[in-house]
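Residue-level structure breakdown
So you can see what is in the structure, the chains are spelled out below.
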Amino acid sequence: MLEDGKISGRQAAFLIISTILPTSIMLLPGIIYQEAAQDSWMSIILVTFFGMAAGLVIAALGMRFPDKTIVQYAGLLTGRVLGKAIGLLYIVFFIYINTFVIRQFGELLVTMFMPETPLLVFLIGLMMASAYSIRCGLEVLARVNEIVLPVVLGLLLLIVLLIIPEMQAQKLTPVLEKGIVPVLRGIYYPALFFAETAVMLMIIPFLNRPRKAGGIILKGIVTVGLFQLLTMLATIMVFGPRTARIQFPVLILARQISIAELIERAEPFVMLIWVLGGFVKVAVFYYCAVLGTAQLLNLKDYKSLVLPTGVLLTVLSVLLWGDVLELTRQITKLLPPVFIPIEAGLPLLLLVLARLRGNRGGGR
Amino acid sequence: MSRSIFRKLLSMKPKPDNKRVSPARAVPAGRDKLSGELAADLDMLRNVLGNSMDLVIREFMLCDTRAALVYINGIIDKEALRENVLRALMVDTKMVNTPGYSSGNSLAARVKENVLSIANVKEAVEIGSILEGILGAGIALLFEGDHTALTLKLPAFETRSVGEPQTESVVRGPREGFVEYLYTNLSMLRRKIKSPDLRLERMQVGRVTGTDVCVAYIKGIANPKIVEEVKKRLERIELDGVLESGYIEEFIEDAPFSIFPTVGNTEKPDRVAAQLLEGRVAIFTDGTPFVLTVPYLFLESVQASEDYYSRHFSSSLFRSLRILALILTTELPALYVAISSFNPEILPTPLLLTMASSREGVPLPAIGEVLVMGVIFEVLREAGVRLPRPVGQAVSIVGALVLGDAAVSAGLVSAPAVIVTALTGIASFVVPSQSDAQIFIRFCFTIMAGFAGFFGLFLGFALILIHLASLRSYGTPYLSPLAPFSKGDLRDTFTRFPWWAMGGRPRVIGWRNPRRAGNVSPPAPPGDKRNSRGEGDG
């Protein structure tokens, strides 16, 4: 086995939350608000259901092959050549989506915290931490996340709690001003994030009880949905229509906090959420890419791939986009139609195929 | 990378030729058994021991046979030698030849059975084992014409009396600490755990020193795999001398290249007993009061033995304080640097103004101030540990007045930097078992914060966290029970639940025997129905 570690259901659920939450709470509120305005919170509830459905498809597929990753079992379902192609597609997907995350990570730090520091400093720092954790294996990443995630969620709750005095509930009205259509349109983009449970296609074989994968994914998605809903509501109630123009609403929320002239600006908290959460998110995708490549090439050990992949990710994330505007445009326009089919569509197709062929790879 | 280079360097070292730990090495080949000729055997012993000045050989007549006592002056009990050995052998020996009394054939066996009123007597045939007996605080008894000798263990040498340990002082709890003599230490442990399941297994480590090492565990609670692993690692040690348990620690720890200790040490018997009861294994080393315990987990460093003796509210509170101190001592200087050089705007305005005015005119940047003051503090601390006591006052005057006060009033260092350094220094004494790691982390974090502000600090935090998560101590993850998370064990980490609520042994270590209490229930006034139910949640 390339990876001898096993992770518990709790650790897996935590990993799912960390894979989706850090970037989604930072980016989504503004983008959803552009579509669904004050009803954005309904979009989030709906997209959570979509995420649950996608997660169940992924879990159902993974549980048919409880000891294999998608790179390994795609060949069993579709034949050798097509299987390798699907494996490669997922590896490219994991790398490509990760470059977006990495660049976004750096851009936020540069624009909001340290405008004079070069972007590469942040990217290299982040990749160092991710590469180190991956070299230590999935178990270590899962353990780190078990400590990181409660901190991240706790700080998020703290920010929302401290901002309560600034909230105005009437900013949520009128409800469904323009009918249900904007709410539905608001699902489109966040669906990309809520289907990121696709990483489980690579991680299910390392669960200590792969049969529980479905429940684990549901737990993860529901938690993400709850926190997303909370931040969305807080953002709408504090900023109202201004939300649409704010790039990183949670950060601006934290800046608004002022309690007894003692806690003035909680920005370092946001940075802690962003650095720790972002690092785990990047590491999970990074791990999937490295492990998938090793399996595709039938290597004995994935550790030799960690450094080259890391360099590739760093370089790509710098070279692919000239500036933030280009990055943001690509994220909103290009990504959903390309990535949602890979995250949820292809697994569904493979699941149908597996059902038709009656393939159960569990015994092997 | 550095590890593999280090390994290569290590393997270039010439291999040690001799593995066995035994005085038998000194015996010429072919003459490793007693010849039965007393004079020749004594010569042999004298030669092997190099005619040492403290070697005593006393020849006498046992009835009509020549016999000799061999011992080393100063390490045996002379009183017992006079009363129970010499007197018996020279005066009360009539019964040796009395037919009804004697059993066994050789003279040695008869003497052992009938004459010697000493408990620990062994028959020895080989010169090696006789030498071992003599050097291990015993007396050898040789007889003319007999191929068997007797070794009597009669240790008596100057030892320090049991006192209060210097490193772990307590307000409430036992005040006795281990001493340098192994058997006194073992007796202290036996006195605490009167169970036949307490296992004490003797090993010898050190090719020249032949140091006695004892592996202690409780059968049925400790994980046999860990016990085996400990013994295996101890057997692998090839070293001339073991003078302190630190020598052993470096050979048996899991992560020799980590700044974090993966083997615990303590000089308190009550602490060792508690560790054994949780399923750990203790390693006693002769010649040092410091006993090693494995597996050692990160959170043990914030647990004091006193936590379990004082009331659980205060224990829980103090544990949280210790964790706070651990965070302060590692991160405060870095935070100061990050805030004052990168993000001063996050401070409330009045505080910001105060800080800015005190920083005015200071030549060094914040990171320079904090690093210089940090190094000065470490120097003062190290000086304080080493110097003779009367000089101490001078050091504290120089440290506090000259370096602190004068530096600030001369405008070399800002007052906040001095406050930060002082607070950091004080906080570093709260969790002494992680003191090495604390210093490294503090300086690394400070430098990283100097380069990249909060990002550097958080990145450093993430790196340390990954490192901690990757460590294991004898198979147990170092960060457990936090990661991997274990709900039941959380009762005894940040808080200390009352004893009646901690019926379960810590699962990560003592999982083989998960319950340490019967049905426990909180105490209740007489007549309360909870008393009769007799059930707790554990």
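Residues numbered from 1 in each chain as written. Chains lettered and ligands numbered in written order. Predicted model: local features only at pLDDT ≥ 70, side-chain atom pairs only at ≥ 80, totals over all residues.

A short note on the overall build of chain B
What counts here: Each helix is a run of H or I in the DSSP string that is no shorter than four residues. Each strand is a run of E no shorter than two, and both are numbered from the N terminus. Between the buried cut of 20 or more and the exposed cut of 12 or fewer other C-beta atoms within 10 Å of a residue's own C-beta lies the partly exposed class, and all C-beta atoms are placed from the backbone.
The helix and strand tally for chain B stands at 17 helices and 12 strands. Overall size of chain B, expressed as C-alpha extent along the three principal axes, is 100 × 65 × 45 Å. Scored against the burial criterion, the 538 residues of chain B give a buried share of 37%.

Section: the overall build of chain A
What counts, and what does not: Just to be clear, the radius of gyration here is over C-alpha atoms, and the globule rule we use is 2.2 Å times residues to the power 0.38. We call two residues in contact when the distance between their C-beta atoms, placed using the backbone, is within 7 Å.
In terms of helices and strands, chain A carries 13 helices and 0 strands. Each helix and strand of chain A, ordered N terminal to C terminal, gives the series α-α-α-α-α-α-α-α-α-α-α-α-α. Here chain A has a C-alpha radius of gyration of 20 Å; the compact-globule value for 364 residues is 21 Å, and the two agree. C-alpha atoms of chain A, sized along the principal axes, occupy 60 × 45 × 35 Å. Sorting the 364 residues of chain A into buried and exposed places 54% on the buried side. Taking the intrachain contacts of chain A between residues at least 6 apart in sequence as the baseline, contacts between residues at least 24 apart amount to 84%.

Focus on the sheet that holds strand 10 (residues 291–294) of chain B
Residues and elements named next belong to chain B. Short version of the rule: For two strands to be treated as a pair, DSSP must find at least two bridges joining them. Angles run from 0 to 180 degrees between N-to-C directions of axes, and those axes are lines fitted to C-alpha atoms, restricted for helices to the stretch in contact.
Taken together, the 5 strands give an open sheet; going across it, the order is 6-7-9-10-8, and neighbouring strands pair in antiparallel fashion. Unpaired on one side and paired on the other, strand 6 (198–205) and strand 8 (264–266) mark the two borders of the sheet. Direction aside, neighbouring strands of the sheet carry axes that sit 25° apart on average. Note that strand 8 and strand 10 share 3 bridges and pair antiparallel. Bridge pairing links N265 to L292 in strand 10. Packing of helix 7 (residues 224–235) onto the sheet brings it into contact with strand 6, strand 7 (211–218), strand 9 (281–285) and strand 10, and relative to strand 7 it is tilted by some 170°. Against the sheet, helix 9 (residues 269–277) contacts strand 7, strand 8, strand 9 and strand 10, and its axis sits at roughly 50° relative to strand 7.

What about the sheet that holds strand 3 (residues 121–124) of chain B?
Residue and element names in this part refer to chain B. Spatially, 5 strands are ordered 1-2-4-5-3 in an open sheet, and the strand pairing comes out antiparallel. Of all the strands in the sheet, the pair left with one neighbour each is strand 1 (55–62) and strand 3. Neighbour-to-neighbour, the strand axes of this sheet turn through a mean angle of 25°, independent of strand direction. Most of the contacts of helix 2 (residues 38–48) go to strand 2 (residues 65–72), to which it runs at about 10°, and overall it touches strand 1, strand 2 and strand 4 (138–143). Helix 3 (residues 78–90) rests against strand 1, strand 4 and strand 5 (149–153) of the sheet, and its axis sits at about 35° to strand 1.

A short note on the packing of helix 6 (residues 182–192) of chain B against helix 9 of chain B
Residues and elements named next belong to chain B. The cut-off we apply is this: An angle counts as roughly parallel when it lies under 35 degrees, as roughly antiparallel when it exceeds 145, as roughly perpendicular when it falls between 65 and 115, and as oblique in every other case. Should the near helix be turned counterclockwise from the far one by less than a right angle, the crossing is left-handed, whereas a clockwise turn marks it as right-handed. Under the scheme applied here, ten amino acids are nonpolar (Ala, Val, Leu, Ile, Met, Phe, Trp, Tyr, Cys and Pro), four are charged (Asp, Glu, Lys and Arg), and all others, including Gly, are polar.
Their axes nearest at 9 Å, the elements helix 6 and helix 9 cross at an angle of 60°. In terms of orientation, helix 6 lies oblique with respect to helix 9. Judged by the sense of rotation from one axis to the other, the crossing of helix 6 with helix 9 is right-handed. Of the residues in helix 9, those touching helix 6 at M188, L189 and K192 are P269, D270, V272 and A273. Considering only residue class, the contact of helix 6 with helix 9 consists of 5 nonpolar, no polar and 2 charged.

So, the UniProt feature "transmembrane region" (unreviewed entry) in chain B
We count it as follows: UniProt positions are given in the numbering used here, feature names are shortened, and annotations may be inferred rather than shown by experiment.
UniProt tags residues 401–427 and 439–466 of chain B as "transmembrane region" (unreviewed entry). Helix makes up 100% of residues 439–466 of chain B and strand 0%, with an end-to-end C-alpha separation of 18 Å.

Describing the environment of M52(A)
Residues and elements named next belong to chain A. Structurally, M52 is set in helix 2 (residues 40–64). Separated by 163 residues in the primary sequence, M52 and G215 have C-alpha atoms spaced 9.9 Å apart. Not counting chain neighbours up to four residues away, the residues in contact with M52 comprise L218 and I221.

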